[in-house]
Amino acid sequence: MSTIDKVLTKSTPTKNINGHNTHSVEDIQIPVPWGIISGKWWGPLDQQPIVALHGWQDNAGTFDKLIPLLPSNVAILAIDLPGHGLSSHLPIGQFYYIFWDGLINLRRVVKHYKWNKVKLLGHSLGGAISFLYAASFPDEVEFMISLDIASPSVKDITKSPDIISDNIDKFLKYESLQSGGIPSYNYNEVLEIVEDAYKGSITKEGAIILMKRGLRPAGEPERYYFSRDPRLKVSALGMISLDLVLAYASRIKCAYLNIRAVPGMKFDNPESYEKVLDKIKLGAKRFEYHKVEGTHHVHLNNPERIAPIINNFIST
């Protein structure tokens, strides 16, 4: 680890969970021009980690149940993307273009640690960012693992103007919120809101895990704010056409693993998922595609269903 990273907590002692020796964990901070990117470094500190990227409005805690089922001698750095979890929000006035911002900020992390090649694990938004990175820097990625997404969501570009104009007005509304205008909740209300928002994709246990990094105390006792930036609700999720996505997919050269949850995430153009994989398969050093039963957050709800697939992939 770099000496300018701030270690927030000491390593947790190694425990045994379901026959698996878990990683020790360090909370870290990576400096960026507007603040910090927070992260959880699992496993050996003297080893270059797999970089794990969470989904939209989630945080690094999304991997808390999966990582203990992976080899304890493998280091993993799960980060909170800007505006998520414990990471700094973008400056006032800055719109979140989460796919493209994510690509730039992943590059910031790589440059910070001076890594020459990286290994990537991404869920949803994190998988889309990993896709863009592997295509943008094809000779600098050893492997990538994508959970329940193949690429940035393919959109009908004819709908983009209406979507963007609506998002602009909503963004300005959220930007004007001061701390006094942001609602606070008691803990049980938080869990109800989170479970309802995810529409069955996560369990109550999953909500509790995500809220470990997803809340900050309000001024009143036993009241909380969501720690994520409310502007994320109107972030540009990526108005990307299929031809552009396929152009990126054709550049991926690394070993590639995709795990699709069934029923998993619903896409505007579900047929594009297979088209993107077919294109990646042509250039990837190695290609694996698996389907498992579960929701979009199967890695959080039922990590035992995907851990053996990942373990086999990273061990070979």
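Fair warning: this is a prediction, and the values are worked out from it, not measured in the lab. (Residues numbered from 1 in each chain as written. Predicted model: local features only at pLDDT ≥ 70, side-chain atom pairs only at ≥ 80, totals over all residues. Heavy atoms only, no water.)

Participant: So what exactly am I meant to see when it comes to the pairing of strand β12 (residues 286–294) here?
Facilitator: Along any regular strand, the residues point their side chains to alternate faces of the sheet. Relative to β12, strand β11 (residues 255–263) runs parallel, the two sharing 9 bridges. Note that in β12 the partner of isoleucine 259 across the bridge is histidine 290. A crossover links β11 with its parallel partner β12, the connecting element being helix α7 (residues 271–283), and its sense is right-handed. (Pairing = 2+ DSSP bridges. Helix = DSSP H or I, 4+ residues; strand = E, 2+ residues; numbered from the N terminus. Right-handed = clockwise from strand over helix to strand, strands pointing away.)

Participant: Looking at this model, I keep getting lost on a nonpolar patch on the surface. Mind explaining?
Facilitator: A surface patch of nonpolar side chains, amounting to about 270 Å² of accessible area, comprises Tyr97, Trp100 and Leu244. Looking at where leucine 244 falls in the secondary structure, it is placed in helix α6 (residues 242–249). (Patch = residues over 30% accessible without salt bridge, like charges linked within 9 Å, V, L, I, M, F, W, Y side chains within 5 Å. Areas by Shrake-Rupley, 256 points an atom, 1.4 Å probe, with all protein chains shown as cover. Salt bridge = Lys/Arg side-chain N within 4 Å of Asp/Glu carboxyl O.)

Participant: How do you make sense of the UniProt feature "domain: AB hydrolase-1" (unreviewed entry) in the protein chain when you look at a structure like this?
Facilitator: According to UniProt, the feature "domain: AB hydrolase-1" (unreviewed entry) maps to residues 49–152 in the numbering used here. Each end of residues 49–152 is marked by a C-alpha atom, and these two atoms are 24 Å apart; helix forms 27% of the span and strand 20%. (UniProt positions renumbered as here; feature names shortened; annotations may be inferred.)

Participant: Teacher, can you tell me more about the side chain of arginine 107 here?
Facilitator: Looking at the secondary structure, you find arginine 107 in helix α1 (residues 98–113). Residue classification places arginine 107 among the buried positions, given a relative accessible area of 16%. Among the polar contacts made by the side chain of arginine 107, one reaches the side chain of glutamate 140 at a distance of 2.8 Å. Sequence-distant contacts of arginine 107, that is, excluding residues within four places in its chain, are made with Tyr133, Phe137 and Glu140. (Buried < 20%, exposed > 50% of the residue type's maximum accessible area, 1.4 Å probe, protein only. Polar contact = N/O pair within 3.5 Å; in protein donor to acceptor, adjacent residues only side chain to side chain. Contact = heavy atoms within 4.5 Å.)

Participant: Whenever I open this one, α7 confuses me. Can you help?
Facilitator: An α-helical turn contains 3.6 residues, so a residue and the one three or four places further along point in the same direction. Buried residues of α7: Ser272, Tyr273, Val276, Leu277 and Ile280, and no others. Each buried residue of α7 sits inside an arc of 135° when the element is viewed along its axis, so together they form one side. Buried-residue contacts for α7 involve α2 (125–136), α6, β11 and β12. (Arc of directions from axis to C-beta.)

Participant: Is there a simple way to explain unusual backbone geometry in this structure?
Facilitator: Glycine aside, the phi torsion of most residues is negative, and most peptide linkages are trans. Residue proline 263 is reached from valine 262 by a cis peptide bond, and omega for that bond is 15°. For proline 263, the location among the structural elements is in strand β11. Of note in the backbone geometry, glutamine 57 takes a positive phi value of approximately 65° without being a glycine. Relative to the helices and strands, glutamine 57 resides in the loop between β5 (50–53) and β6 (76–79). A positive phi angle, close to 60°, is found at glutamate 222, a residue other than glycine. Mapped onto the elements of the fold, glutamate 222 is located in the loop between β9 (215–217) and β10 (224–226).

Participant: What exactly am I supposed to notice about the packing of aromatic side chains here?
Facilitator: Each aromatic ring pair is described using two quantities: the centre-to-centre distance and the angle formed by the ring planes. All chains considered together, the criterion is met by 12 aromatic pairs. Ring geometry for tyrosine 113 against tryptophan 115: centres 4.7 Å apart, planes inclined by 10°, an arrangement best described as stacked. Using a relative accessible area of 12% as the deciding quantity, one classes tryptophan 115 as buried. For the ring pair tyrosine 187 and tyrosine 224, a centre distance of 6.3 Å and an interplane angle of 70° mean the geometry is edge-to-face. (Phe/Tyr/Trp six-rings, centres within 6.5 Å; stacked < 30°, edge-to-face > 60°.)

Participant: I tried to follow the nonpolar core on my own but got confused; where do I start?
Facilitator: In a soluble, globular protein the nonpolar side chains are often hidden away together inside. Of all hydrophobic cores here, the largest spans 49 residues; its most connected members are Leu77 and Phe131. With 8 residues, the top contributor of residues to this core is α2. Ignoring anything within four residues of it in the chain, the contact list for leucine 77 reads Ile28, Ile30, Gly39, Lys40, Trp41, Pro49, Ile50, Val51, Ala52, Val109, Tyr113 and Trp115. Judged by nonpolar contacts, the second largest core, of 28 residues, contains Val25, Ile67, Leu121 and Ala255. (Core = buried A, V, L, I, M, F, W, Y, C linked by side-chain atoms within 4.5 Å.)

Participant: I tried to follow the packing of α1 against α2 on my own but got confused; where do I start?
Facilitator: Each pair of packed helices gets described by two things: the angle between the helix axes and the distance between those axes. Interhelical geometry of α1 versus α2 gives an angle of 65° and a closest axis separation of 9 Å. Taken together, the axis directions place α1 and α2 in an arrangement best described as roughly perpendicular. Between α1 and α2 lies a crossing whose hand is right-handed. Listed contacts from α2 to Ile98, Phe99, Trp100, Gly102, Leu103, Leu106, Arg107 and Val110 of α1 are Leu125, Ala128, Ile129, Leu132, Tyr133 and Ser136. Classifying every residue of the contact of α1 with α2 gives 11 nonpolar, 2 polar and 1 charged. (Axes fitted to C-alpha atoms, helices over the stretch in contact; angles between N-to-C directions. Parallel < 35°, antiparallel > 145°, perpendicular 65-115°, else oblique. Left-handed = near helix turned anticlockwise from the far one by under 90°. Nonpolar A, V, L, I, M, F, W, Y, C, P; charged D, E, K, R; others polar.)

Participant: What am I meant to see in the packing of α2 against α6 here?
Facilitator: Remark: α2 packs on α6, axes separated minimally by 8 Å, with the N-to-C direction vectors making an angle of 60°. In this view, α2 runs oblique relative to α6, as classed from their interaxial angle. Contacts from Phe131, Leu132, Ala135 and Ser136 of α2 reach α6 at Val245, Tyr248 and Ala249. Broken down by class, the residue content of the contact of α2 with α6 amounts to 6 nonpolar, 1 polar and no charged.

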